[in-house]
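Below, each chain spelled out in residue letters.
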Amino acid sequence: MMLCYKSTRNSELRVSSSQAILKGLSSDGGLFVPEKLPVLEVSMDALKGMTYQETAYAVMKQFLTDFTEEELKACINKAYDEKFDTEDIAPLAKVGGTYFLELFHGATIAFKDMALSILPHLMITAAKKNHVENEIVILTATSGDTGKAALAGFADVEGTRIIVFYPKNGVSRVQELQMTTQKGSNVDVVAIHGNFDDAQSKVKAIFEDQELAKELKEKGYQFSSANSINIGRLVPQVAYYVYAYGKLLANDEIGDGEEVNVVVPTGNFGNILAAYYAKQMGVPIGKLICASNENKVLFDFFETGTYDRNREFVLTSSPSMDILVSSNLERLIYLITGEDSDKTKELMAGLKGKGSYSITNEMAEKLKDFHAGYATEEDTTDCIRRIYQETGYVIDTHTSVAAYVCEQYRGKSGDSRKCLVASTASPYKFAKSVMMAIDGKYEASDDLELLDELHRVSGVDMPQAIQDILDAKVIHTLECDTDKMQETVKALLKH
Ligand SMILES: *Cc1c(COP(=O)(O)O)cnc(C)c1O
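What you are looking at is a predicted structure, and each value in this text was computed from that prediction instead of being measured.

So, on to helix H17 (residues 377-391). Each turn of an α-helix holds 3.6 residues, which means side chains three or four residues apart point in the same direction. Across its 15 residues, H17 extends 21 Å between first and last C-alpha, which sits within 8% of the 21 Å expected from 1.5 Å per residue. Taken residue by residue, H17 has Asp 379, Thr 380, Cys 383, Ile 384 and Ile 387 as its buried positions. Along the long axis of H17, the arc covered by the buried residues comes to 135 degrees, so they all point the same way. What points out from H17, more than 90 degrees from its buried face, is the exposed set Glu 378 and Gln 389. Contact partners of the buried residues in H17: strand S4 (92-95), strand S5 (98-102), strand S14 (370-374), helix H18 (397-413) and helix H19 (431-438). Where H17 terminates, the next one or two residues include Gly 392, which has phi positive at roughly 85 degrees.

If you want it as structure tokens, here you go:
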């Protein structure tokens, strides 16, 4: 059966899954959502014995119905291969009664690899199906993790080019080296003299420039986005929640049908929405616990029913969650309006105009599956240290935000269901913050100096991604002013 996608801002519009992946965002500014959330066809019993790739296929085929079995399996096999340092792809670690779902075993050691290693393959397959002849140019502005994961995913993928812009002084040393040493004949990395917001808004403007689009089309190019609003990123993320549940069953950690709570460190609301989709598909998930850092706009939303971005932006030690507009929340809003695209459009206009909107009581009633909490910088640091001292397990700052909120929820709610924490980055990626949390004596050292020390303390081997940047040559040194970004894109596309 064919599953179509409609826009959250126009329920009349219908596109196929491959068209939704190619377009990224609907032209009315809305996000693509499945017409109906599918019910998982594979039985829990069968799930127990399935590999990650098999589980991914079982989930994705129900969402991406205009891809053939052969196409989808080819995409999955190209994505989830030796780039991951474990055959499990997303292994579970049981630490002090909590299950950490480690989503950082891919090429760039953060959870964005789970989706960005498959998106390029989905996109070129979608391009072929829709007879797109142009080369697809991915333009991305990054605050660190997305850029590298997208570069690694798209590098040397035929029929694509990728250009990543990052703020020259706005990313960690490890993150910068990860990007500037990226190999591949179709990749370009540009440091801009400005902050992430400047880069982001300029990229959006380039996307919206119809004249430029026309000019590039004549040269055989068209733009697309690897941003987390692309349905081609959301769907692959549903798979690891289904997989994790199967593993808990297979390992006799839970009984048949037993509910588990899922805790997710949240920024753009993509990862937790994938868990919600898994629940809607029939996976026995109890509460969806949304964990924020000090940019706690989502916590306030779930508490009060008002989403308000008018506040100070805080730079925290979990930078990938430093975000005030959580784009994927729009998909949940659409569901709780009863799939009312006019109402959704009105609320989103409020967000764009005055920076806030409020939901009705009736809508709030439909959010009962969610619980929200947040961790301050001190809570985050304390939690890393405490878990390390009690168990020897070292977690990164983002995961710590979730681990803290998980503990807090357990203590307050009396809910004794088991908890699955989404572990979104390797501690190696944020070595300095992690080591500082464990012991203040590391204050004077930088990220790179602390890698060996982290190895000693955690007993975890240094990931290949880190070894690679230590040996690699810096390839990309291009810099530009923010107002020269468009010219830079044109110049890069000349050759
Ligand atoms: C992107 C990111 C997050 C936030 O995920 P969302 O899907 O945007 O909510 C959390 N942790 C890490 C390490 C990330 O890179």
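Our next topic: the packing of aromatic side chains. If you walk through the whole model with that rule in mind, you get 16 aromatic pairs. When the centroid spacing of 6.3 Å and the interplanar angle of 10 degrees are considered together, the rings of Phe 63 and Tyr 277 count as stacked. Remark: Tyr 277 occurs in helix H12 (residues 270-280) and Phe 63 occurs in helix H3 (residues 52-63); sequence separation between them is 214 residues. In this structure Phe 63 comes out as buried when scored by relative accessible area, which is 0%. Since its relative accessible area comes to 3%, Tyr 277 is described here as buried. Sitting above the plane of the Tyr 57 ring, Lys 73 keeps its charged end 4.7 Å from the centroid. Cation over ring: Lys 129 sits above Phe 67, and NZ or CZ is 5.6 Å from the ring centre.

Summed over all chains, the structure comprises 26 salt bridges. Asp 300 serves as the salt-bridge partner of Lys 296, at 3.0 Å between the closest nitrogen and oxygen. Among the ionic pairs, Lys 343 bridges to Glu 346, the shortest N-O distance being 3.6 Å. Of this pair, Lys 343 and Glu 346 both sit in helix H15 (residues 341-353), three residues apart, which is roughly one turn of the helix. Bridged by salt links that share partners, the residues Lys 168, Arg 173, Glu 176 and Glu 479 form one connected network.

As a further point, take the sheet that holds strand S11 (residues 285-292). What the six strands build is an open sheet, ordered S4-S5-S15-S10-S11-S14; its pairing is mixed. Strands with a single pairing partner mark the edges of an open sheet, and in this sheet they are S4 and S14. Between one strand axis and the next, the sheet turns by 25 degrees as a mean value, whatever way the strands run. Bridge count for S4 against S5 is four bridges, and the pairing is antiparallel. If you follow Ala 93 over to S5, its bridge partner there is Phe 100.

Positionally, Ser 320 belongs in the loop between strand S12 (306-308) and helix H14 (329-336). Along the sequence, Ser 320 and Asp 145 sit 175 residues apart, while their C-alpha atoms lie 7.0 Å from each other. Once residues within four sequence positions are removed from consideration, Ser 320 is found in contact with Lys 112, Asp 145, His 398 and Phe 430.

What counts, and at which threshold
Residues numbered from 1 in each chain as written. Predicted model: local features only at pLDDT ≥ 70, side-chain atom pairs only at ≥ 80, totals over all residues. Heavy atoms only, no water. Helix = DSSP H or I, 4+ residues; strand = E, 2+ residues; numbered from the N terminus. Expected span 1.5 Å × (residues − 1). Buried < 20%, exposed > 50% of the residue type's maximum accessible area, 1.4 Å probe, protein only. Arc of directions from axis to C-beta. Contact = heavy atoms within 4.5 Å. Phe/Tyr/Trp six-rings, centres within 6.5 Å; stacked < 30°, edge-to-face > 60°. Lys NZ or Arg CZ within 6 Å of the ring centre and 35° of its normal. Salt bridge = Lys/Arg side-chain N within 4 Å of Asp/Glu carboxyl O. Pairing = 2+ DSSP bridges. Axes fitted to C-alpha atoms, helices over the stretch in contact; angles between N-to-C directions.

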